[in-house]
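Single-letter residue listing:
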Amino acid sequence: MLLTLTTTHRPATDLGYLLVKHPGKVHSFGMPTGTAYVLYPEAEEDRCTAALLLDVDPQLLRAQKDAFELSQYVNDRPYAASSLLSSALAKVFRSALRGASKDRPELTAVPIPLEIRVPVLRGTPDLVTRLFEPLGWSVTATPIPFEAEVGGGSRYVDVLLTGEVRVADALNHLYVLLPVLDDAKHYWVAPDEIEKLLRSGEGWLAAHPEKVLIARRYLAHRRSLATTALQLLEADQPVTEEESELPVARRAPLAEQRRDAVLAALAEVNASRVLDLGCGGGALLTALAKDRGFTEIVGADVATRTLDVAARKLRLDRLPERQKDRIRLIQTALTYRDDRLRGFDAAVLMEVIEHVDLPRLPALETAVFGHARPGAVIVTTPNAEYNVHYEGLTGMRHSDHRFEWTRAEFAAWAGRVAGEHGYDVTIRGVGEDHEETGSPTQLALFTIKTEVSA
C-alpha cells in the first residue's frame, strides 16, 4: 500500500528535515506484517515528494490477530490503506508526528502547501469529504471502478488531499482517519487506544463535526471506550508532555511486559547461551541481541519466510562480524528432535505452545525437555480466565490458537512435564493482576534438577 506527501514549499527538500528522512536515501523499517519503505520519487528545490510504501507479507499477516471480516487467505490488506498503514506512519514518522525536527525546528510550526495521495482506500467519497474537509483540506475522492467486464463501482476510492497544513497535523490526521475510513483494525483494541486517539486528535478532534463517528470507528465500535473518549474530549482534559510520544501508552503493552518478564527470567538463571524457539519475526531476538551478556543466540522457527523477517529486523547483513557471530537463525520444527538445539543454558517458548495442536504437544515436550534438554525452559501462554476482561472477545484471543488454558490447567501441564523430564518449575503471572482472574499471561520457569544434571 502507498501514501505520498508532496510539497511545493521552497526549498521543497525541507520536507526531508520535517519528516527526519534524508531525500537521498531509501529508508526501510521492519514491521510485524512486512517492511515499510520511505523514499523520494522526486526531490527538487521547487517540488519534493516523499512516499511511504508498506510491503505486506501475507504469511506474516496471517499470524496477526484477525480483526477484520475478510478471509485470512484472500483479502485486501496488502493493498488498501488501513490501520496497517497507520501503524507504519507512527513508526517511521515518530518525530514528525510530534512536530519535532532537530534541523528545522522553526519550520515545524509553519503550515506549508501539501498534497497527499492515497491511491487505494476503503470508503466513499462522501465519508472521505466529511472527515477531511472540516480540517482544512480540499478533497478529491475518486471511486475506483471494477474491471470493465465486471462493471460497477468498488468500495474503494483514490484520495487526493490538498491544503496548507503543518506536516505534524497532516500526519496526525492520517494516523487517526485512515483506520476510521477502513473501519477494521488489524489488532485488538484495548483501553490504551483512547490515549492514542486523544493525543493524535489534540487541537482538532474535539471540534470535529464527526467526532462521534471517529471515536466509534477508531475504537472498533467498543461502546464503553468510545463513550470514555468522548467524555474526555468534552472535558477538554489536556494530554501531558510525558504522554505525548506516539504510539506508546502510559502502561507498557502486554507484549512488552511479557518480553521483559522473559528477560528477567533469563537473568534469574544466569543464561548466556539462549534458544528462542518459535522466534517468529524476531521480537525477543532483537532484545537478546542488544544485551552483550548473551554470548550465543539461536532463533528457531518452522517458517523460512518468518526467519527472513527476523533477519531483516536484526539487520544481520549490517552487523559487524563479531556481533553477527553471536546470532544464528535455523529452520526446524519444534515437534522433532534436532541435535542443533542441544547444550544451551536456556530455551524460550514465548506464546508458542498454544499454536500447537494438543495431540502434537507431547512431541514438543519430548523434543525440547527430553532431547534438547536446556538448563532452563521459559514458557509463556495466555491465561484463558482473563479473557472475560476483553470486551467483545468471543472464543480465543487469536484465530490460530489451538487451545488456551486456565491457570489450573497450565499448572497441571507444567507440573507433569517437569516431573517427567527432571525439572523444577515455578509459575508466575505477567501483566496486570486481577483478584479473580489473575494476569493476562502466565509464565512457567523450568530449571533442571541439579542431581539430574550432575
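About the criteria used
Residues numbered from 1 in each chain as written. Predicted model: local features only at pLDDT ≥ 70, side-chain atom pairs only at ≥ 80, totals over all residues. Heavy atoms only, no water. Pairing = 2+ DSSP bridges. Helix = DSSP H or I, 4+ residues; strand = E, 2+ residues; numbered from the N terminus. Axes fitted to C-alpha atoms, helices over the stretch in contact; angles between N-to-C directions. Contact = heavy atoms within 4.5 Å. Salt bridge = Lys/Arg side-chain N within 4 Å of Asp/Glu carboxyl O. Expected span 1.5 Å × (residues − 1). Buried < 20%, exposed > 50% of the residue type's maximum accessible area, 1.4 Å probe, protein only. pLDDT = per-residue confidence, 0-100. Core = buried A, V, L, I, M, F, W, Y, C linked by side-chain atoms within 4.5 Å.

### Details of the sheet that holds strand S14 (residues 441–448)
One open sheet accounts for 7 strands, arranged S10-S9-S8-S11-S12-S14-S13; its pairing is mixed. The strands lining the two open edges of the sheet, one partner per strand, are strand S10 (327–331) and strand S13 (423–430). Strand-to-strand twist across the sheet, computed as the mean angle between neighbouring axes with direction ignored, equals 15°. Across 5 bridges, strand S9 (residues 296–301) lies against S10 in parallel orientation. Residue pairing in the sheet places Ile297 in a bridge with Ile327 of S10. Packing of helix H11 (residues 283–290) onto the sheet brings it into contact with strand S8 (273–277), S9, S10 and strand S11 (346–350), and relative to S9 it is tilted by some 175°.

### Quick word on the environment of Leu213
Position of Leu213 among the secondary structure elements: in helix H8 (residues 211–218). Between the C-alpha atoms of Leu213 and Leu131, which are 82 residues apart in sequence, the distance is 9.5 Å.

### Some points on the environment of Arg258
Positionally, Arg258 belongs in helix H10 (residues 254–268). Considering only alpha carbons, one finds Arg258 and Gly429, 171 residues apart in sequence, at a separation of 9.5 Å. Filtering out sequence-adjacent residues up to four positions away, Arg258 remains in contact with Met350, Glu351, Thr380, Val430 and Thr441.

### Brief notes about the pattern of salt bridges
This structure, assessed with the given rule, holds 24 salt bridges. With its nearest N and O atoms 2.9 Å apart, the salt bridge here joins Glu42 to Arg47. Beyond isolated ion pairs, a larger network of salt bridges with shared partners links Glu42, Arg47 and Glu115.

### Side note on helix H14 (residues 361–372)
Under the 1.5 Å per step criterion, the end-to-end length of H14 is 15 Å for 12 residues, consistent within 8% with the ideal 16 Å. Residues of H14 that are buried: Leu361, Leu364, Glu365, Ala367, Val368, Phe369, His371 and Ala372. Turning to H14, the residues buried within the fold contact S8, S11, strand S12 (376–382), helix H15 (407–421), S13 and S14. Looking one or two places after H14, you find Arg373, whose phi comes out positive at around 50°.

### Details of the confidence of the model for the protein chain
In this model, the protein chain carries an average pLDDT of 86, and 88% of its residues clear a pLDDT of 70 or more. With pLDDT under 50 throughout, residues 63–71 is counted as low confidence; its partners more than four residues away or in other chains account for 24 contacts. Long-range and interchain partners of residues 237–250, a stretch whose pLDDT sits below 50, account for 29 contacts in this model, where long-range means more than four residues apart.

### Focus: the nonpolar core
Grouped together as the largest cluster of nonpolar side chains are 70 residues, with contacts concentrated most on Phe132 and Trp137. Element by element, the count of residues in this core is highest for helix H6 (residues 167–182), at 10 residues. Apart from the residues lying within four places of it in its own chain, the contact partners of Trp137 are Leu114, Ile116, Phe132, Leu161, Thr162, Gly163, Val165, Ala170 and His173. Among the nonpolar cores identified, the runner-up in size contains 31 residues, and Leu275, Ala347, Leu364 and Val417 belong to it.

### Remarks on helix H3 (residues 83–92)
Counted residue by residue, H3 has 8 buried out of 10 residues, so it is predominantly covered. Taken together, the buried positions of H3 are Ser83, Leu84, Leu85, Ser86, Ala88, Leu89, Ala90 and Val92.

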